[in-house]
Amino acid sequence: MTRWIACFPLLLTASQAVAHPHVFVDSALRIETDAARNVTGVELSWAYDEFFTLLIFEDMGLDPDGDGQLTEDELAQLQGFETNNWPADFEGDLYLASQGETVALGAPEPRETRVEDGRIISGHFRPVPGVAADGLEIRQYDPTFYVSYEITRGVEIAAPCRAEIEKPDRAAADAYVQKELQSVPEDQFEVLEIGEQYADRISLTCEPSS
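Reading guide: rules and limits
- Residues numbered from 1 in each chain as written.
- Predicted model: local features only at pLDDT ≥ 70, side-chain atom pairs only at ≥ 80, totals over all residues.
- Heavy atoms only, no water.
- Phe/Tyr/Trp six-rings, centres within 6.5 Å; stacked < 30°, edge-to-face > 60°.
- Buried < 20%, exposed > 50% of the residue type's maximum accessible area, 1.4 Å probe, protein only.
- Helix = DSSP H or I, 4+ residues; strand = E, 2+ residues; numbered from the N terminus.
- Expected span 1.5 Å × (residues − 1).
- Arc of directions from axis to C-beta.
- Polar contact = N/O pair within 3.5 Å; in protein donor to acceptor, adjacent residues only side chain to side chain.
- Lys, Arg positive; Asp, Glu negative; His and termini not counted.
- Salt bridge = Lys/Arg side-chain N within 4 Å of Asp/Glu carboxyl O.
- Contact = heavy atoms within 4.5 Å.
- Pairing = 2+ DSSP bridges.
- Core = buried A, V, L, I, M, F, W, Y, C linked by side-chain atoms within 4.5 Å.
- Axes fitted to C-alpha atoms, helices over the stretch in contact; angles between N-to-C directions.

### As for the packing of aromatic side chains
For the structure shown, the criterion picks out 6 aromatic pairs. Ring centres of W86 and F90 lie 4.9 Å apart, and the angle between their planes is 55°; on these two criteria the pair is classed as tilted. Both residues of the pair, W86 and F90, count as buried. Judged by centre distance (4.4 Å) and plane angle (20°), the ring pair of Y95 and Y141 falls under stacked. Of this pair, Y95 sits in strand 4 (residues 94–98) while Y141 sits in the loop between strand 8 (137–140) and strand 9 (147–150), placing them 46 residues apart in sequence. For Y95, a relative accessible area of 23% corresponds to the partly exposed category.

Structure below.
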């Protein structure tokens, strides 16, 4: 995600049985398609939890009176705060696969960032190189699971295509983490890439042409 998050990978010891994320994001996706039912882009909207919002405000010197309301100048400073700090090798915590093959995404393009009910809601757009929507799988996760994404705000795609969201099996994910931790010495720290186990899976299907 941003430089604030990228600095804090999830560190676990063998004594920790379950992974605990530290940043929580309620996500929404809008999937753009063309007349041939190819996906040409994904617009993401991330609603950060209240505590992380406060950390961003503090880091950027915003909202000094602590009322949770930003002035127009402060909102202008906040625009693009994620994409302005986007590492060159950062995948953006968004992964697309078509017929088992990874789909490369274009560079992020910032969209509106606003504050609602004490939470930053930021948007950005990722171009997609015209891959067929039917059968496409989309997952959104932080590999280290420091950030927990949950698609609680919906997925939008034009008919005749539709999106189905499959929630992760958390018991199975926890069991996977415990198994991975067995290989970590008790007195050592290890960065485990377990976020995929807790990811929502979006599957796209399109009705055949009439």
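### Quick notes on helix 4 (residues 170–181)
Residues separated by three or four positions in an α-helix point in the same direction, a consequence of the helix having 3.6 residues per turn. Taking 1.5 Å of rise per residue, the 12 residues of helix 4 would be expected to cover 16 Å, and the 16 Å separating its terminal C-alpha atoms lies within 8% of that figure. A173, D174, V177 and L181 are the residues of helix 4 that are buried. The buried side chains of helix 4 occupy one side of the element, clustering within an arc of 100° when seen end-on. In helix 4, the exposed positions that point more than 90 degrees away from the buried face belong to A171 and K179. Taking the backbone nitrogen of A171 as reference, a side-chain oxygen 3.2 Å away marks D169 as the first, capping residue of helix 4.

### Overview of the side chain of D63
Relative to the assigned elements, D63 resides in the loop between helix 2 (50–60) and helix 3 (72–78). Although buried, D63 forms no salt bridge, and the nearest oppositely charged side chain, R119, lies 14 Å from it. Beyond its immediate chain neighbours, meaning those up to four positions away, D63 contacts F57, G68, Q69, L70 and E74.

### Let's talk about the pattern of salt bridges
This model, assessed by the stated rule, comprises 12 salt bridges. Among the salt bridges present, the one from R201 reaches E137, with a minimum N-O distance of 2.8 Å. Note that R201 is positioned in strand 13 (residues 201–206) and E137 in strand 8, a separation of 64 residues in sequence. The shortest N-O distance in the salt bridge between E207 and R162 comes to 2.8 Å. In this pair, E207 sits in the segment after strand 13 while R162 sits in strand 11 (residues 161–166), placing the two residues 45 residues apart along the sequence. With a relative accessible area of 39%, R162 lands in the partly exposed category.

### Quick notes on the pairing of strand 4
Burial along strand 4 is one-sided: L94, L96 and S98 are buried, while Y95 and A97, pointing the other way, are not. Examined bridge by bridge, strand 4 and strand 8 share 4 bridges and lie antiparallel to one another. Counterpart to A97 in the pairing with strand 8 is E137. In this sheet, strand 5 (residues 101–103) lies alongside strand 4 in antiparallel orientation, the contact comprising 3 bridges.

### Describing the nonpolar core
In terms of nonpolar packing, the biggest core is built from 34 residues, with L29, V39, Y48, L96, L136, I138 and L204 touching the most fellow members. Per-element accounting of this core gives the leading share, 5 residues, to strand 3 (residues 38–48). Not counting chain neighbours up to four residues away, the residues in contact with V39 comprise I31, E32, T33, V128, P129, G130, V131, A133, L136 and L204. Counting residues in each nonpolar core, the second largest holds 7 residues, with F145, A173, L181 and L192 among its members.

### Some details on the sheet that holds strand 13
The 5 strands are arranged 5-4-8-13-11 in an open sheet whose pairing can be described as antiparallel. Two strands lie at the open edges of the sheet, namely strand 5 and strand 11, each paired on one side alone. Averaged over neighbouring strand pairs, the angle between their axes works out to 30° when direction is ignored.

### Topic: the side chain of S148
Topologically, S148 is positioned in strand 9. For S148, a relative accessible area of 14% puts it in the buried group.

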